[in-house]
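An overview of the molecular structure
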Amino acid sequence: LLDFEKQTINEETFLKNFKSLAELTMDSVQIGGLINNNENLFEGLVNLKILQLKGIQNINQINENTFKGLDNLENLKLHSNIIQKVEKNAFISLS
């Protein structure tokens, strides 16, 4: 479990070294801009099973590649976010 609560994260590649991570909790973390602009933010987290993004400020959209690379994801929690746009195939990479 890696828990980033109430942190500000500016680096787009900060998650690349956590390949064996199974659970990631990011509650009230300042990463909205990274999610909106970086299609490969979670890529490489091949063992991730649980991803919680709760209360993330500035998540404007979820695009087709937002969750790309999360091949083993079983549980995605996106509650308490104000998401303005979800693209048509936003979750296709999770199927």
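Structural notes, computed from the coordinates. Everything quoted here is computed from the prediction, not taken from an experiment.

**Focus on the packing of aromatic side chains**
Within a pair of aromatic rings, the relevant descriptors are the distance that separates the centres and the angle that separates the planes. Counted according to the given criterion, the structure contains two aromatic pairs. On the basis of an interplanar angle of 20° and a centroid distance of 6.1 Å, the ring pair of Phe-42 and Phe-67 is categorised as stacked. Of this pair, Phe-42 sits in the loop between helix 1 (32-37) and strand 3 (50-54) while Phe-67 is found in the loop between strand 4 (61-62) and strand 5 (75-77), placing the two residues 25 residues apart along the sequence. In this structure, Phe-42 and Phe-67 share a single accessibility class: buried.

**What to know about the nonpolar core**
Ranked by internal contacts, the top residues of the largest apolar core, which has 18 residues, are Leu-24, Phe-42, Leu-48, Leu-51 and Leu-70. At the level of elements, strand 2 (23-27) and strand 3 are the ones that each hand at least two residues to this core. Contact partners of Phe-42, with chain neighbours within four places excluded, come to Leu-15, Leu-24, Leu-51, Leu-53, Thr-66, Phe-67, Lys-68 and Leu-70.

**Comments concerning the environment of Asn-60**
With respect to the helices and strands, Asn-60 occurs in the loop between strand 3 and strand 4. The exposure class assigned to Asn-60 is partly exposed, which follows from its relative accessible area of 36%.

**What about the environment of Lys-19?**
The topology assignment puts Lys-19 in the loop between strand 1 (2-5) and strand 2. It is 6.5 Å that separates the C-alpha atoms of Lys-19 and Asn-47, two residues lying 28 residues apart in sequence. The residues contacting Lys-19, other than those within four sequence positions of it, are Gly-44, Val-46 and Asn-47.

**As for the environment of Gly-55**
As for its placement among the helices and strands, Gly-55 is situated in the loop between strand 3 and strand 4. For Gly-55 and Met-26, which are 29 residues apart along the polypeptide, the C-alpha to C-alpha distance reads 8.5 Å. Leaving out residues up to four positions away in the same chain, Gly-55 has contacts with Ser-28, His-79, Ser-80 and Asn-81.

Quick notes on the rules
- Residues numbered from 1 in each chain as written.
- Predicted model: local features only at pLDDT ≥ 70, side-chain atom pairs only at ≥ 80, totals over all residues.
- Heavy atoms only, no water.
- Phe/Tyr/Trp six-rings, centres within 6.5 Å; stacked < 30°, edge-to-face > 60°.
- Helix = DSSP H or I, 4+ residues; strand = E, 2+ residues; numbered from the N terminus.
- Buried < 20%, exposed > 50% of the residue type's maximum accessible area, 1.4 Å probe, protein only.
- Core = buried A, V, L, I, M, F, W, Y, C linked by side-chain atoms within 4.5 Å.
- Contact = heavy atoms within 4.5 Å.

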